Amino acid sequence: MTNTLTIGLLALALVGCGPQHPSTEQNQQIDSLEDYRPAYHFSPKNGWMNDPNGLVYLDGTYHLFFQHNPDSNVWGPMHWGHATSTDLVHWEEQEIALFPDSLGTIFSGSAVIDKDNTAGFGANALVAIYTNHSHEIEDQKTGLHQTQSIAYSLDQGKTWTKYDGNPVLPNPGIWDFRDPKVMWHTETKQWIMTLATKQSITFYSSKNLKEWTRLSEFGEGIGAHGGVWECPDLLPFSTAEGEKWVLLVSINPGGPNTGSATQYFVGDFDGKTFTTTQKDIRWMDYGPDNYAGVTFSNTGDRKLLIGWMSNWEYANDVPASTWRSGNTIVRELGLAKEGDKWLLTSTPVSEIDKVSEVTTKSKSVELANEADLSDAIVSLQNTFDASFTLKKATGFHVTLSNEDGDALMFGYDVDKQQYFIDRSKAGNANFSDKFIHRPVAPRLTQNQALDIRFLVDRNSIELFADGGKSNMSALFFTKKPFTKLQIGADEANTLDTFQVKTIR
């Protein structure tokens, strides 16, 4: 039996064997948990969501597919959910794209536009490349339970046909053999698949998306290995020193603040092998709640990424109603030179500015101890984008609070040269003993000034420091929006260009 509830402005489907009409108490409980639903980050109408999949741009529309269990708000049989956007901010959920089949459930993968009809499905066919996961074979302990398959769409992702020759890449006997990210490599005129294989990345090539040849493997003795490697992505960047390649690798566990996170490597790729001289471990986002991020295909030189805004340490336990999990905002990636290192930067996509309205104009504030700037956010209901610059790189803290006494703090510890977010007092922080209360991130530049941008959306904060070189994403769970904003400094400083925007 299916009952339909109207919750706020969203219709959420509840499936179960309960009464035909939910009780007042049930409605109140669900309404209360809806307070945690983000306003301008994508979340599914109902059910569970994790990794973003198949990100692709086609004819003016951005397509977001995602790991989805439509029948429960915890992880379960994986489908590919589907949402679309024309501005990278507002998303409309579509019908489920890919359902489990005889080869298994539908794990993570990617999507490409086959402009030259290399696969024979039709010119400009939208082709999804994904992992089939057979739970029955997994129970046999053979290690053959994950294989790579393809499906195609000729109507811009509305309907899909699975290739009858699946799987196109059988498992050679690797237990973790998944998350294919496919791109066209112009120089060698072939498709390149970047595949997660236990604690390494294996590269494959194909002329037609159907027949794949193993090229090389990367990962032994380099990078973080505290957990399994997942959801890779291989990206070229143009720099003043020529082309550089970045390999993204999500890892679970083993992140910088425990749990899941995404590391990256800067190096070179020749169409067969990825190499790097990098010795240190670098993280795309040091916060606890940005995982499995991958980029859109078919966006030219722009590298646009979405991550899953959660952490496997507590993802199934975070407060939710008939849905669970959201995404990060879309971010634009770049490379910046810092000393002798190339650092991956990520900043909020510029399209956010087009749907934002300045509510507090830029101003300068002399900080002796602490300044009260509450007027800037008091009416914004935790949906805002704020930024400022400190003339000197001294310690500072920003405190967001409400009338219930909830407080979220972030700032910079100059002695440790670390940014931090403290969410220990930001509402419900005790639903899991794995919920990291005070994540930290190193400052990666020696610039004299500090520039900070932070986006708040009901139950999350995304912090971008120093032009996106040090980033942190974190969830929190307060019932009431923040109405107070204080900024304090460890010593006299000047707060320049303080600005707040509301996001429509």
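As the structure is a computational prediction, the values presented were derived from the model and not from experiment. (Residues numbered from 1 in each chain as written. Predicted model: local features only at pLDDT ≥ 70, side-chain atom pairs only at ≥ 80, totals over all residues. Heavy atoms only, no water.)

This part takes up the side chain of N53. The topology assignment puts N53 in strand 3 (residues 47-58). Judged by relative accessible area, N53 falls into the buried class, the value being 0%. (Helix = DSSP H or I, 4+ residues; strand = E, 2+ residues; numbered from the N terminus. Buried < 20%, exposed > 50% of the residue type's maximum accessible area, 1.4 Å probe, protein only.)

In this structure, F203, F388, F396 and F454 are the most contacted members of the largest nonpolar core, which totals 59 residues. Taken domain by domain, this core gets at least three of its residues from each of domain 1 (47-348) and domain 2 (352-503). Formed by 23 residues, the second largest nonpolar core is a distinct cluster that contains L55, L304, I329 and V349. (Core = buried A, V, L, I, M, F, W, Y, C linked by side-chain atoms within 4.5 Å. Domains from an automatic or database assignment.)

Turning our attention to a negative patch on the surface. Together, E187, E243, D268 and D270 make up a negatively charged patch on the protein surface. Along the chain, E243 turns up in strand 16 (residues 242-252). Exposure remark for E243: the relative accessible area of 43% places this residue in the partly exposed category. (Patch = residues over 30% accessible without salt bridge, like charges linked within 9 Å, V, L, I, M, F, W, Y side chains within 5 Å. Areas by Shrake-Rupley, 256 points an atom, 1.4 Å probe, with all protein chains shown as cover. Salt bridge = Lys/Arg side-chain N within 4 Å of Asp/Glu carboxyl O. Lys, Arg positive; Asp, Glu negative; His and termini not counted. Charge placed at Lys NZ, Arg CZ, Asp CG, Glu CD.)

Turning our attention to the confidence of the model for the protein chain. Scored by pLDDT, the protein chain comes out at a mean of 93, with 93% of its residues at no less than 70. Counting contacts from residues 1-22, a segment whose pLDDT is below 50, to residues more than four positions away or on other chains yields 37 contacts. (pLDDT = per-residue confidence, 0-100. Contact = heavy atoms within 4.5 Å.)

Moving on, we come to unusual backbone geometry. Residue P167 is bonded to the preceding N166 through a cis peptide linkage, with omega at -5°. Position of P167 among the secondary structure elements: in the loop between strand 10 (161-162) and strand 11 (177-185). Of note, the amide linkage connecting N252 to P253 takes the cis form, showing an omega dihedral of -10°. With respect to the element layout, P253 can be found in the loop between strand 16 and strand 17 (261-269). Of note, the phi angle at D59 is positive, near 50°, even though the residue is not glycine. When you line up the elements, D59 lands in the loop between strand 3 and strand 4 (61-69). Overall, the relative accessible area of 61% leaves D59 in the exposed class. Positive phi is not limited to glycine here, since A292 has a value of about 60°. With respect to the secondary-structure elements, A292 resides in strand 20 (residues 291-295). Since its relative accessible area comes to 0%, A292 is described here as buried.

This next bit is on the UniProt feature "domain: Glycosyl hydrolase family 32 N-terminal" (unreviewed entry) in the protein chain. The UniProt feature table records "domain: Glycosyl hydrolase family 32 N-terminal" (unreviewed entry) at residues 41-341. Across residues 41-341, the secondary structure splits into 2% helix and 49% strand, with the terminal C-alpha atoms separated by 32 Å. (UniProt positions renumbered as here; feature names shortened; annotations may be inferred.)

As judged from the six bridges shared by strand 29 (residues 407-413) and strand 30 (residues 418-425), these two strands associate in the antiparallel manner. Each bridged residue has a counterpart across the sheet, and for F410 the counterpart in strand 30 is I421. Remark: four residues form the turn of the hairpin made by strand 29 and strand 30, two consecutive strands paired antiparallel; Q417 in that turn has positive phi of roughly 55°. For strand 30 and strand 31 (residues 440-442), the ladder comprises three bridges, and the chain directions are antiparallel. Across the sheet, Q418 pairs through a bridge with P442, a residue of strand 31. (Pairing = 2+ DSSP bridges.)

This brings us to the sheet that holds strand 11. Ordered in space as 11-12-13-14, the four strands form an open sheet in which the pairing is antiparallel. Every other strand in the sheet has two partners, leaving strand 11 and strand 14 (213-218) as the edge strands with one partner each. The sheet shows a mean angle of 25° between the axes of neighbouring strands, direction not considered. Both strand 11 and strand 12 (residues 190-197) contribute to a ladder of seven bridges, which runs antiparallel. Opposite K181, over in strand 12, you have T194 as the bridge partner. (Axes fitted to C-alpha atoms, helices over the stretch in contact; angles between N-to-C directions.)

Parsing the protein chain into structural domains produces domain 1 (47-348) and domain 2 (352-503). Distance between the C-alpha centres of domain 1 and domain 2: 30 Å. Taken together, the contacts link 31 residues of domain 1 with 32 residues of domain 2. When the two sides are added together, the surface that domain 1 and domain 2 hide from each other amounts to roughly 2,600 Å², 64% of it contributed by carbon and sulfur. Together, Y286, M309 and P348 form the three largest contributors to the area buried by domain 1 at its contact with domain 2, with a combined 22%. Across the domain 1-domain 2 interface, the total number found is three salt bridges. As a salt-bridge pair, R331 and E462 come within 2.6 Å of each other at their nearest N and O atoms. Linking domain 1 with domain 2 are 14 residue pairs in polar contact (both at pLDDT 80 or more). Those elements that place two or more of their residues in the side of domain 1 that touches domain 2 are strand 23 (331-338) and strand 24 (341-348). It is strand 24 that contributes the most residues to the side of domain 1 that touches domain 2, six residues altogether. (Buried area = accessible area lost by both parts, 1.4 Å probe. Polar contact = N/O pair within 3.5 Å; in protein donor to acceptor, adjacent residues only side chain to side chain.)

On to the packing of aromatic side chains. By convention here, two paired aromatic rings are described through the distance between centres and the angle between planes. Per the counting criterion, the structure on display carries 29 aromatic pairs. Ring centres of F42 and F66 lie 5.3 Å apart, and the angle between their planes is 55°; this geometry places the pair in the tilted category. Taken together, the residues span a long stretch of sequence, with F42 in the loop between helix 1 (24-34) and strand 3 and F66 in strand 4 at a distance of 24 residues. Per residue, the accessibility class of F42 equals that of F66, and both read buried. Pairing W184 with W191 gives two aromatic rings, centres 5.0 Å apart and planes at 75°, and the pair type is edge-to-face. With a relative accessible area of 32%, W184 lands in the partly exposed category. Through a chain of ring-to-ring contacts, three or more aromatic side chains come together here, namely Y36, Y314, F431, F435 and F477. Just above the ring of F237 sits the side chain of K303; from NZ or CZ to the centre is 5.0 Å. (Phe/Tyr/Trp six-rings, centres within 6.5 Å; stacked < 30°, edge-to-face > 60°. Lys NZ or Arg CZ within 6 Å of the ring centre and 35° of its normal.)

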